[in-house]
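Chain by chain, the residues:
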Amino acid sequence: MDFTAARHAMVDCQVRPSDVTNYGIIDAMLSVPREQFVPKAQRAVAYSEAEIKLSDDRVMLPPRTFAKMLEQSRMGPGDFVLDLAAGTGYSAAVFARLCAGVIALEADDGLLKQMNEAMAALDIDSVVTLQGDLASGDAAHGPYDVIFINGAVETVSEALLDQLKIGGRLVAVFVEGAVGQCRVLVRSENTSSSRYAFDAWAPILKGFERDVEFAF
């Protein structure tokens, strides 16, 4: 299979038509070999529009969703980024071409192993890979300019938002019932604001579920 041609087709047919106009994002997605971060049995569909299953409860976001979320993050060359639920590392590899440094946090042993192997094979040295609880984030290396969550959430904790710098952005798919939206949370001095970006859907990550309230 010609993965280079498939990569260009992904950008031309999925990313550009979705109003992603940032040339840095386009160049990064043209440069990073997505197939290296996809389980070997699924490499033939590495550039398809569908979610790619990474484990029983985890997926790689479709290119369109990922690219639009990334553009909404306004990630720049001086930014320090926390990539939450980094999976096999594709998102972190793309971020590494756009920003100053990336902490790629993953809870799953198997996915972390695949991520480390892919990073080593591509000689990517501006990404630090860590294992830890996703919902807790990684305060030890913060604060961050951008927190990018590779999946859906029902809620995020104040402790995670506190890991953002003032003016920092958290980007995720927020799910409420049957509705999913990409939203951007921006931290200010004493609070945070939220804005709608676009409709999207992804599986809800463990640890980001809203507590069930019982009424009597």
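Relevant structure appears above.
Below, the structure is looked at part by part. (Residues numbered from 1 in each chain as written. Predicted model: local features only at pLDDT ≥ 70, side-chain atom pairs only at ≥ 80, totals over all residues. Heavy atoms only, no water.)

### Here's the deal with the side chain of Q163
Quick reminder of the rule: Helix and strand labels come from DSSP, where a helix needs a run of H or I of at least four residues and a strand needs a run of E of at least two; each type is numbered from the N terminus. Under the scheme applied here, a residue whose accessible area is under 20% of the maximum for its type counts as buried, over 50% as exposed, and between as partly exposed, the area being computed with a 1.4 Å probe on protein chains only. Pairs of N or O atoms within 3.5 Å make up the polar contacts considered here, provided that, within protein, one atom can donate a hydrogen while the other can accept it, and that residues adjacent in sequence are counted only when both atoms are side-chain atoms.
For Q163, the location among the structural elements is in the loop between α6 (158-161) and β7 (164-176). Residue Q163 is classed as buried on the basis of its relative accessible area, which comes to 6%. There is a polar contact of 2.9 Å between the side chain of Q163 and the backbone nitrogen of D138. Of the polar contacts made by the side chain of Q163, one reaches the backbone nitrogen of A139; its length is 3.4 Å.

### Regarding the sheet that holds strand β6 (residues 144-153)
Each strand in a sheet pairs with its neighbour through backbone hydrogen bonds, running either in the same direction (parallel) or in the opposite one (antiparallel). The test is simple: In this scheme, strands are said to pair when DSSP sees at least two bridges between them. For helices, the fitted axis covers only the stretch in contact; all axes are lines through C-alpha atoms, and the angles between them, taken along N-to-C directions, range from 0 to 180 degrees.
With respect to topology, 7 strands assemble into an open sheet ordered β5-β4-β3-β6-β7-β8-β9, the strand pairing being mixed. A single partner strand is all that each edge strand has here, and the edge strands are β5 (127-131) and β9 (192-199). Across this sheet, the average inter-strand angle for adjacent strands is 20 degrees, counted without regard to direction. Here strand β3 (residues 80-84) pairs with strand β4 (residues 101-106) via 5 bridges, running parallel. When the bridges of β4 are listed, V81 appears paired with V102.

### Regarding the pairing of β7
Regular strands place their side chains on alternate faces of the sheet. Pairing geometry for β6 and β7, over 6 bridges, is parallel. Directly across from V153, in β7, lies its bridge partner F174. Pairing geometry for β7 and strand β8 (residues 179-187), over 8 bridges, is antiparallel. Note on β8: the bridge partner recorded for F174 is Q181. Following β7, the chain reverses through 2 residues before pairing antiparallel with β8; G177 in that reversal takes a positive phi of roughly 65 degrees.

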